[in-house]
Protein chains: 2
Amino acid sequence: MRIIVDAMGGDYAPGPQVEGSVRAVQELGVEIVLVGKQDILQKKLDETGYTGNQITIRDAADIITNDDEPAKALRRKKDASIVVAANMLKNGEGDGLVSTGATGGVLAAGLLIVGRIEGVARPALAPVLPTDKGPALLVDGGANADCKALNLLQFGIMGSAYANNVLGMKNARVALVNIGAEEHKGNDVTRAAYEMLKKAPVNFTGNIEGRDIMDGAADVIVCDGFVGNVILKLTEGLAATLLRNIKTMFMKNFATKLCALGMKGPFSEFKKKMDYTEYGGALLLGLKHPVIKGHGSSDAKAVFSAIRQAQKFVSAGVVEKIKEDLEKMEETQYGIES
Amino acid sequence: MRIIVDAMGGDYAPGPQVEGSVRAVQELGVEIVLVGKQDILQKKLDETGYTGNQITIRDAADIITNDDEPAKALRRKKDASIVVAANMLKNGEGDGLVSTGATGGVLAAGLLIVGRIEGVARPALAPVLPTDKGPALLVDGGANADCKALNLLQFGIMGSAYANNVLGMKNARVALVNIGAEEHKGNDVTRAAYEMLKKAPVNFTGNIEGRDIMDGAADVIVCDGFVGNVILKLTEGLAATLLRNIKTMFMKNFATKLCALGMKGPFSEFKKKMDYTEYGGALLLGLKHPVIKGHGSSDAKAVFSAIRQAQKFVSAGVVEKIKEDLEKMEETQYGIES
């Protein structure tokens, strides 16, 4: 299996991208194509001491950044690393794609170059949220700021296929983010989506409120991309704020500093549980081939995890599973109109 | 000044409602009318040992609960405590109203009995979020699951008036919840609201992302009620999950238990900072008279804080301030159509 790594995007690129790729080749047995500026990547690769032939480099002179308007950049920067990488994926020169570049660029390349699975109205960004009971999949984490009920239905179906086949869940619990637990709660879109999800080939457990998300009350958390983006970033921000406050508490005086030493072990365990880098990146669900969007601040471990995630995605045949489930839905009264 | 207290709603009613009222009479110099079942309230009041004449009781035989469909319950349960209380407020038998009852009932009574300020399209629920830098006002916290840009504009104006005049802020920073910091981000509604807020008589500081909310990057956080409800409940849930995990860490072994003792002081301070009961309840912004919705699980201190909040709301003349600011907006190109 060959994974294409867009090695130029991300806060610390291309160091972690190259190092994570070397580790992936050694531990996962995959081949890697690094896409980006040839000379820079070759130099980084040499620095790691890797001399095998499982990693190749594809030259790409340009980069799409957060300052670019994605769709425009896609047309103008034909030689940007994410554009080259997405075209390779489309043309079968690799089985999956990992990028830690600008989200807009990755989304646009996925949508416009790699393309949607037939029947999928809107692909979604699906990051993994660390909850108290383990990882949960958030669909949509920010790709679609406005959604119809049909989109939410498909997010549930696609998320369920991924959770069951890649995250190793059995009969993943799919829940709809809402402002109350009762069936009639919410707005027109969530009420219609509720009705559709009840009839979908997923284990739909009903509405989930904000307060239950972190408790691990669901495995696949369905919402529009606006709400999902707020959930994702609020969680990150609140966790950071709380951890910073706890650190300040431990630095207060001599006694609390002693405690800091005593608590080091349990705290590391907890931080590991809540560490997003353990879970790789966010999937683009609904594309013809697997695309993983890693966090911009990914370190080598996060890049490695994202590559492992792409590998599992391919091995498990998630794209085929999604197609099958969508076809099942077509047979019910809520047909899929793309 | 006389505050009407709906004493029958809430998880532990009417104990905390009566006790909080007694404290308010003693410390704030307000008069209180307790609304609810006469005999039960009189018994509770006697138990507190209060013998003054600043607290009176108005009998109301019924209660609206979370199981009721609010608008229907309002018509059918004419003798419910929140209905009686709202009618008293409307008729000038009190200056403000505090209820810890079912949110739907309080909202419906506020909207349909107390009534909107002329020009306000949609009143909003405005809870106080404890952030790292102090309290921030979240508007809308859950009253309107669907919003237009005009609603968001008015939420900003009303929230600003309250923050400056009651929360003691100078030139409160008003920010719009969005999925990116840049002006063009978001959906049609947030983009239009952004344009309107730029021209509003408030200190609009632009978009705010989920990750910056808990940092205290804004004083008035504007969003639709769906997103606001998710923010509110996710914050509550995440804080509870993290605190529970920290407790578990401290109970791990003898050394960590010793640390728990050492950290008790700093932790209490931190919990106080993050304690919603410090800040009273959620306002209903945009009504003709002040209505405060306290948390269902309010203790006596939270009820006391909510009464103090109602007192400040009345003294500061926030309703008049909101009217003035809305009139200023009418003179600009974004007139208020109710």
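Rules of the game
- Residues numbered from 1 in each chain as written.
- Chains lettered and ligands numbered in written order.
- Predicted model: local features only at pLDDT ≥ 70, side-chain atom pairs only at ≥ 80, totals over all residues.
- Heavy atoms only, no water.
- Pairing = 2+ DSSP bridges.
- Helix = DSSP H or I, 4+ residues; strand = E, 2+ residues; numbered from the N terminus.
- Axes fitted to C-alpha atoms, helices over the stretch in contact; angles between N-to-C directions.
- Phe/Tyr/Trp six-rings, centres within 6.5 Å; stacked < 30°, edge-to-face > 60°.
- Buried < 20%, exposed > 50% of the residue type's maximum accessible area, 1.4 Å probe, protein only.
- Lys NZ or Arg CZ within 6 Å of the ring centre and 35° of its normal.
- Least-squares fit on C-alpha atoms with pLDDT ≥ 70 in both.
- Contact = heavy atoms within 4.5 Å.
- Polar contact = N/O pair within 3.5 Å; in protein donor to acceptor, adjacent residues only side chain to side chain.
- Salt bridge = Lys/Arg side-chain N within 4 Å of Asp/Glu carboxyl O.
- Patch = residues over 30% accessible without salt bridge, like charges linked within 9 Å, V, L, I, M, F, W, Y side chains within 5 Å.
- Areas by Shrake-Rupley, 256 points an atom, 1.4 Å probe, with all protein chains shown as cover.
- Buried area = accessible area lost by both parts, 1.4 Å probe.

*Asks:* Can you lay out the sheet that holds strand β10 (residues 220-222) of chain B for me, pointing to particular residues and giving the numbers?
*Replies:* All names here are of chain B. Taken together, the five strands give an open sheet; going across it, the order is β6-β7-β10-β8-β9, and neighbouring strands pair in mixed fashion. Each having just a single partner strand, β6 (128-131) and β9 (203-208) make up the two edges of the open sheet. When strand polarity is set aside, the average angle formed by the axes of neighbouring strands in this sheet is 30 degrees. The sheet contact formed by strand β8 (residues 173-177) and β9 spans five bridges and is parallel. When the sheet's bridge partners are listed, V174 is paired in β9 with F204.

*Asks:* Kindly report on the sheet that holds strand β1 (residues 2-6) of chain B, identifying the contributing residues and their values.
*Replies:* All names here are of chain B. Taken in spatial order, the seven strands of this open sheet run β3-β2-β1-β4-β12-β11-β5, and their pairing is mixed. Where the open sheet ends on each side, the last strands, each with one partner, are β3 (55-59) and β5 (124-126). For this sheet, the mean angle separating the axes of adjacent strands, direction not counted, is 25 degrees. Here β1 pairs with strand β4 (residues 96-99) via four bridges, running parallel. Across the sheet, D6 pairs through a bridge with S99, a residue of β4.

*Asks:* Before we move on, can you summarise the packing of aromatic side chains with the specific residues and values?
*Replies:* What the rule picks out here adds up to four aromatic pairs over all chains. Taking 5.1 Å as the distance between ring centres and 80 degrees as the angle between the ring planes, the aromatic pair formed by Y194 of chain A and F204 of chain A counts as edge-to-face. Placement of the pair is Y194 of chain A in helix α7 (residues 188-198) and F204 of chain A in strand β9 (residues 203-208), with a sequence separation of ten residues. With respect to burial, Y194 of chain A and F204 of chain A carry one shared label: buried. Seen from their ring centres, Y162 of chain B and F313 of chain B are 5.4 Å apart, and the 45 degrees between their planes marks the pair as tilted. Of this pair, Y162 of chain B sits in helix α6 (residues 149-165) while F313 of chain B sits in helix α12 (residues 300-315), placing them 151 residues apart in sequence. Comparing Y162 of chain B with F313 of chain B shows no difference in burial state: the two are buried. In this structure, R23 of chain A is placed above the aromatic ring of F304 of chain A, and the distance from its NZ or CZ to the ring centre is 3.8 Å.

*Asks:* How would you sum up the relation of the copies chain A and chain B? Please name residues and give values.
*Replies:* Of the transformation placing chain A onto chain B, the axial shift is 0.0 Å and the rotation is 180 degrees, giving an RMSD of 0.0 Å. Such a combination of rotation and displacement between the chain copies is what one expects of a two-fold axis. Of the C-alpha atoms belonging to chain A, the one lying closest to the rotation axis is found on C259 of chain A, 2.4 Å away. When you check the interface residues of chain A against chain B, 100% turn up at the interface there too, and the contact is symmetric in its surfaces.

*Asks:* For the environment of K321 of chain A, give the residues involved together with the corresponding values.
*Replies:* All names here are of chain A. With respect to the secondary-structure elements, K321 resides in helix α13 (residues 318-330). Overall, the relative accessible area of 31% leaves K321 in the partly exposed class. Linking K321 and N165, residues 156 residues apart in sequence, is a C-alpha distance of 8.6 Å. If near-sequence neighbours (up to four positions away) are discounted, K321 is found in contact with A161, N165 and A316.

*Asks:* An account of the side chain of Q17 of chain B is requested, with residue identities and associated values reported.
*Replies:* All names here are of chain B. Tracing the backbone shows Q17 in helix α1 (residues 15-28). Classification of Q17 by relative accessible area gives buried; the value is 2%. Separated by 2.6 Å, the side chains of Q17 and T100 make a polar contact. With near-sequence residues (within four places) excluded, Q17 lies in contact with V5, D6, A7, G9, Y12, L34, T100 and V303.

*Asks:* Break down the pattern of salt bridges for me, with residues and values.
*Replies:* Scanning the model with the defined rule gives 33 salt bridges over all chains in all. One salt bridge in this structure joins R2 of chain B and E31 of chain B, with 3.4 Å as the shortest N-O distance. Placement of the pair is R2 of chain B in strand β1 and E31 of chain B in strand β2 (residues 31-36), with a sequence separation of 29 residues. Exposure remark for E31 of chain B: the relative accessible area of 30% places this residue in the partly exposed category. A cluster of three or more residues bridged by salt bridges with shared partners is formed by E209 and R211 of chain A together with K233 and E236 of chain B.

*Asks:* Just give me the short version of a nonpolar patch on the surface, but keep the residues and values in it.
*Replies:* Residue and element names in this part refer to chain A. On the surface, a nonpolar cluster with roughly 380 Å² of combined accessible area is contributed by F254, L258 and L261. If you trace the backbone, L258 turns up in helix α10 (residues 254-262). Accessibility expressed as a relative area gives 48% for L258, which makes it partly exposed.

*Asks:* Pulling in residues and values, what's your account of the interface of chain A and chain B?
*Replies:* Taken together, the contact between chain A and chain B spans 46 residues of the former and 46 residues of the latter. In this assembly, chain A packs against chain B so that about 4500 Å² is buried in total across both faces, 72% of it on carbon and sulfur atoms. Counting across the interface, chain A meets chain B through eight salt bridges. For the salt bridge of D215 of chain B with R244 of chain A, the shortest nitrogen-to-oxygen distance reads 3.1 Å.

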